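Structure at a glance
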Amino acid sequence: MASFKLGTLALGLLLSVAEARFHPSNPVWVKLEAAQAKNTPVAKRQSPTFPVHTFTQPLDHFQETGHTFEQQYWVNDRHYKSGGPVIVFEAGEGPGDERMPILDTGIIDILANATNGLGVVLEHRYYGASVPVQNFTTDSLRWLTNEQAAADSANFIDNATFPNITGDITAPGTPWIYYGGSYGGARAAHMRVLYPDLVFGAIASSAVVHATLDDWRYFDIIREYAPADCIAQIEKTVDEVDKFITSHNNKTRHAIKAVFGLQNVTYDPDFVSVLTNPLGAWQGKNWDPEVGSTGFADFCTALGSPSKATVKTQGLTISNATFNYAQYINQASHYSSRCRGNQDDCFGTVTSPEQFTQTDLSQTWRLWQFQVCTQWGFFMTPPPDPARPRIISKLITQEYASVLCKLAYEPGEHFTVPPQPNITAVNALGGFSIAHDRLAIIDGEWDPWRGDTPHSPDPRAHNRRDTTLRPFKLIPEGVHHYDENGLADHSAEPPQIQAIHEQEVEFVKAWLKDFKAPSQ
């Protein structure tokens, strides 16, 4: 097994995306998370500890296995009054206990307070402590599917009981409002479509409802909305690096790697993949400085302003943009200099795949990556049009971006990861056009994942009327699920956040006026 000495580096990379678990499908990022063996979350706002409860779920909802597991959930009953709704938060691809601030002062508490509702955070199967298996082999992961997760939620909504709450408040006798952000947002939208008799309403925030293989819009949206001078420096660097790294001269290719302190990264796509890592910090931006990351702004500051200045180093003449980018990568607090061992062990994929074969329960990186490889895709690539400016290397092809699907998941006795993820099954639920009465679509204008939401610039996504029954809202300058978190003093939130929270309260209250419990 390769020896990894990357705890600090891996944590640094993860912090750079401000606990954005739903980060781009970048093989090097996953390698670093795998080396760390455990995803350490960024500390968020301190929140009260809500009691944790469990609900028994079958391992398989569609075929009897004789096995069950305990799914965790947390309850905020401070606002609940008899007859109020249940506001459930889909914890998505991470531990549910990380979501306590949202239950305390975020959108779940805001809606519960406005409606005399009960707030709930529901942990997703396989994540946190809701783990139904003894290891994360390919066979053991075969129950980690959209369909099983949706059936978990439906079973919970139909049968859950809550401490200190008298009477039956399951659906359809009680209105349940399902909220989720990002992958959880897609889950919320899918729940409204798949189980309309159980889910009275849903709010899908930054919902990546359109699964895709080549997700080139992720970085293109960053290119469009990040500061122009910063993007100019990145574009210049990428063009220059691509020119050198695709040279037929071995010395030239080695020299450009050496400029970045990565001369011992053997596989060229791994080298350019490392250079994309700072870009993920854009997704970590948040209106609340105690939640968000300044990583992208710090990166832009390090790149400096565009100029015609050049620097001679490693036998190459490079622009000031490339030199500054390389200095950033080389800094002790960043990437190349933090690797204290073999650079292929640190950053390699095909040249050092051993870490990807570890399957014990500490390898939580395998979970979302498995979902990517089997159902969602989202392989980040440069634009298909070579004339379009780009901020990542042209060497990051779909084949490279999806390499972990082959390296990490050996065929099992009962399940084999398909050659390509089955995105057709995801998109059959609506994709860009997903819609339903009492299904709200909330997106951020600057969100790099917006290309996979109904507000996508993709021509297949069409603008819609924003109505109370079918809200369709775009948060100005919003990034990833910007409406999710909140402050104890909501008047201290930025105007666009106050506005979206007020609008969400308004349309949910309007929905609830139309609720009629089915006759017994």
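Please refer to the structure higher up on the page.
Read on for a plain summary of the structure. (Residues numbered from 1 in each chain as written. Predicted model: local features only at pLDDT ≥ 70, side-chain atom pairs only at ≥ 80, totals over all residues. Heavy atoms only, no water.)

Quick notes on the overall build of the protein chain
The number of helices and strands found in the protein chain is 18 helices and 12 strands. Over its C-alpha trace the protein chain gives a radius of gyration of 23 Å, about what one expects of a compact globule, namely 24 Å for 520 residues. With respect to the three principal axes, the spread of C-alpha positions in the protein chain is 80 × 50 × 40 Å. Restricting to contacts in the protein chain with at least 6 residues of sequence separation, those with at least 24 account for 75%. Surface summary for the protein chain: the accessible area is close to 20,200 Å², and the carbon and sulfur share equals 49%. (Helix = DSSP H or I, 4+ residues; strand = E, 2+ residues; numbered from the N terminus. Rg over C-alpha atoms; globule rule 2.2 N^0.38 Å. Contact = heavy atoms within 4.5 Å. Areas by Shrake-Rupley, 256 points an atom, 1.4 Å probe, with all protein chains shown as cover.)

Some remarks on helix α18 (residues 495-513)
The terminal C-alpha atoms of α18 lie 27 Å apart, and with 19 residues this matches the ideal 27 Å at 1.5 Å per residue to within 8%. All of the buried residues in α18 are Ile 497, Ile 500, His 501, Glu 504, Val 505, Phe 507, Val 508, Trp 511 and Leu 512. On its buried face, α18 sits against α4 (107-115), β5 (176-181), β6 (201-205), β11 (439-444) and β12 (472-475). (Expected span 1.5 Å × (residues − 1). Buried < 20%, exposed > 50% of the residue type's maximum accessible area, 1.4 Å probe, protein only.)

A word on unusual backbone geometry
Cis rather than trans, the peptide bond between Ala 171 and Pro 172 has omega equal to 5°. Structurally, Pro 172 is set in the loop between α5 (146-159) and β5. In this model, Phe 378 sits at a positive phi of 60°, which is unusual for a non-glycine residue. In this fold, Phe 378 is placed in strand β10 (residues 377-379). Residue Phe 378 is classed as buried on the basis of its relative accessible area, which comes to 2%.

Quick word on the pattern of salt bridges
Taken as a whole and judged by the stated rule, the model has 15 salt bridges. Of the charged contacts, one joins Arg 217 and Asp 458 as a salt bridge, the two residues approaching to 3.9 Å between their closest N and O atoms. A residue pair is termed long-range when its members are at least 10 positions apart, and Arg 217 in helix α7 (residues 217-225) and Asp 458 in the loop between β11 and β12 qualify at 241 residues. Judged by relative accessible area, which is 8%, Asp 458 ranks as buried. The partner of Lys 257 in a salt bridge is Asp 268, and the shortest N-O contact between them spans 2.7 Å. (Salt bridge = Lys/Arg side-chain N within 4 Å of Asp/Glu carboxyl O.)

Things to note about the state of the cysteines
All told, the structure shown has three disulfides when counted by the stated rule. Residue Cys 230 pairs covalently with Cys 300 via a disulfide, S to S 2.1 Å. Between Cys 230 and Cys 300, the S-S torsion sits near -80°, and that sign places the bridge as left-handed. Here Cys 300 lies in helix α11 (residues 295-303) and Cys 230 lies in helix α8 (residues 228-245), a separation of 70 residues in the sequence. Bridging Cys 339 to Cys 346, the disulfide has an S-S length of 1.9 Å. Residues Cys 339 and Cys 346 share a disulfide whose torsion about the S-S bond is about 85°; that sign makes it right-handed. Taken as a pair, Cys 339 and Cys 346 share a single burial class, namely buried. When the bonded cysteines of the protein chain are counted from the start of the sequence, the pairing works out to 1-2, 3-4, 5-6. (Disulfide = S-S within 2.5 Å.)

Coordinates in, geometry out; function isn't part of it.
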